[in-house]
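# Examining the three-dimensional arrangement
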Amino acid sequence: MKYHILTLGCQMNKSDSERVRTVIEKMGYRWTDKEEDANLLGIIACSVRQKSIDKVYSRIGRWNKCKNDHSLLTFVSGCVLPADHEKFLKLFDFVFAMSELPDLPEMIRHYGIVTRSAPVARSNDGIKDFWMVRPTYVSDFEAFIPIQNGCDKFCTYCAVPYTRGREISRPSVEILDELKQLVDKGYKSITLLGQNVNSYGLDKHGAELAFPDLLRAIGEYGRSSGNEFWVYFTSPHPRDMSDEVLEVIANYDCLAKQIHLPLQSGDDKVLIRMNRKHSMHDYQRIIDTIHRILPKATIFTDIIVGFTGETDEQFENTRKAMESIRFNMAYIAVYSPRPGAASARWDDDIPMQVKKKRLHLLTEELTRHTLQYNNKMIGQRVRVLVIGHDRKPGYFSGITEGRIVVRFASPQPVIPGAFVWLDITAAASYSIEGELINSAAILQKLS
Ligand code: SF4
């Protein structure tokens, strides 16, 4: 029996998918890259973009046609909006919340034997059993660790609080245990995941570590283990970004000097309508503090253009914010209303043409800043984690601690997951190029 999963959306979904694989493989299913060979086909869905929802409908339409040819069960999980949940029940054999994953084998075994009514989502407490599932990692040097599920922030454009429920923090003992196991196995890049990662622990009201304490515990382990690895986290919320978090990062080598801090808009009135609960002044203060405490850190962000009612002037404030902050990367999205989110009740009144123009202007802005930053890296010696072969023949690619993509030539094979030193020799807007100066790490990894 074979299975295949289509994973859409963010790193959280990719991480969830690794746990889904474990549960399915324990039932005796084997992975296949070919959907047409599978007896179990699943989608880990994303509700953030309409494109992802469209993909779910087109894929299930195709899969259901295959049911005439061979035995096939289908499921969907992940971020599913309440409105889509009802529709998916008519198209998929199973629709379950991620917190119900431990029940999937029972659902599959009983399928067709008993009539099962629509699964009733358990409370978010079920997520505790989900976290106990050991993931089937798809990489042997990069991994994600979920530390929290759900969100209490209720940004008006976002459906996550409705698809994943209220915020719940995973026990720090489990997180540290998973991290140590990964490091022991030789993992080099580990990302702590949560919708609101830096409010970790707050739901436990003092009975659990707070986020800076969790980072400190990881830092201490990194220091005592003697292993080299980088730990990232995403996504934090500006409202919960304390100076203490940044100070802890500065203290430990294993805590990567890269901060992803969603801005969403550079205009205070838009931020209020988005219910972001921070102002541009607050955001700028955090950026100044990052520069002071972590002068070498790269800064990434998320921005939405064309949010309902966004005027030219308000958009211009976002452009000015980008001009002044000069991000190393910005994931810029065109606003589209998500059914179930509060802003879906408001007019989506910015024409698509205007949204696209704003997207284009911000992308140009970003490209200018990243090129300037990357140019300044020429002549520097940087530590790089090798990711794999580059598209350019004879070249490999990797990332710096600040997550800047690097390509380099190597006379000998380089194994993904090795750390190497490079002298940076050239720069483009979204990558840099370097010369390999020390192959000891490669040889060590090869031996
Ligand atoms: S902080 Fe806002 S955007 Fe992020 S998951 Fe929560 S509600 Fe959504």
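Residues numbered from 1 in each chain as written. Predicted model: local features only at pLDDT ≥ 70, side-chain atom pairs only at ≥ 80, totals over all residues. Heavy atoms only, no water.

### Structural notes on the pairing of strand 9 (residues 189-193)
Threshold: Here the term buried applies to any residue with accessible area under 20% of the maximum for its type, exposed to any over 50%, and partly exposed to those in between, with areas from a 1.4 Å probe on protein chains only. For the purposes of this entry, the term helix denotes a DSSP run of H or I that reaches at least four residues, the term strand denotes a run of E that reaches at least two, and both are numbered from the N terminus. Here, a strand pair is defined by DSSP locating no fewer than two bridges between the strands. Handedness rule for crossovers: strands pointing away from the viewer, path from the first strand over the helix to the second running clockwise, crossover right-handed.
Buried residues dominate strand 9, accounting for five of its five residues. Covered by surrounding structure in strand 9 are Ser189, Thr191 and Leu193 together with Ile190 and Leu192, the residues of both alternating faces. Judged from the five bridges that link them, strand 9 and strand 10 (residues 230-234) form a sheet pairing that is parallel. Opposite Leu193, over in strand 10, you have Thr234 as the bridge partner. Of the crossover connections in this fold, the one passing from strand 9 over helix 8 (residues 211-225) to the parallel strand 10 is right-handed.

### So, helix 2 (residues 50-66)
Formally: Helices are assigned an expected span. That span is 1.5 Å times one less than the residue count. The arc in question is the one spanned by the directions pointing from the helix axis to the C-beta atoms. Between two residues, a contact is recorded if the distance between any of their heavy atoms is within 4.5 Å.
Counted at 1.5 Å a residue, the expected span for helix 2 with its 17 residues is 24 Å, and the 25 Å between its end C-alpha atoms agrees. When we look at burial in helix 2, the residues that qualify are Ser52, Ile53, Val56, Arg59, Ile60 and Trp63. Projected onto a plane normal to the axis of helix 2, the buried residues spread over an arc of 125 degrees and lie on a single side. Across helix 2 from its buried face, at more than 90 degrees, point the exposed residues Lys51 and Lys65. Tucked into the core, helix 2 has its buried residues touching strand 1 (2-7), strand 3 (40-45), strand 4 (73-78) and helix 3 (82-91).

### Some remarks on the site of the ligand
Our working rule: Proximity is defined per residue: if any heavy atom of the residue lies within 4 Å of a molecule or strand, that residue is considered near it. In this classification, Asp, Glu, Lys and Arg are treated as charged, Ala, Val, Leu, Ile, Met, Phe, Trp, Tyr, Cys and Pro as nonpolar, and every other residue, Gly included, as polar.
As a structural note, the neighbourhood of the ligand is formed by Cys151, Lys153, Phe154, Cys155, Tyr157, Cys158, Val160, Pro161, Gln195, Asn196, His237 and Arg276. Class assignment for the residues of the shell around the ligand results in seven nonpolar, three polar and two charged.

### Quick look at the sheet that holds strand 13 (residues 329-334)
To keep it simple, the criterion reads: Note on geometry: axes are lines fitted to C-alpha atoms, helical ones only across the stretch in contact, with angles between N-to-C directions running from 0 to 180 degrees.
Pairing in this open sheet of three strands is parallel, and the strands run 11-12-13 from one edge to the other. Whereas interior strands pair on both sides, the edge strands pair on one side only; in this sheet they are strand 11 (258-260) and strand 13. Strand after strand, the sheet turns through a mean of 10 degrees between neighbouring axes, direction not considered. Sheet topology note: the strand 11/strand 12 (residues 298-305) ladder contains three bridges and is parallel. Within the sheet, the bridge partner assigned to His260 lies in strand 12 and is Phe300.

### Points about the nonpolar core
Which entries qualify depends on this criterion: Nine residue types can take part in a nonpolar core, namely buried Ala, Val, Leu, Ile, Met, Phe, Trp, Tyr and Cys, and a core is a set of them joined through side-chain atoms within 4.5 Å.
Counting 55 residues, the largest nonpolar core has Phe211 and Phe233 as its most contacted members. A per-element tally of this core places helix 11 (residues 280-293) first, with six residues. The contact partners of Phe211, leaving out residues within four places of it in the chain, are Ile147, Leu192, Val197, Asn198, Tyr200, Phe233 and Val245. Membership of the second largest hydrophobic core comes to 22 residues, among which are Ile5, Ile44, Leu104 and Ile127.

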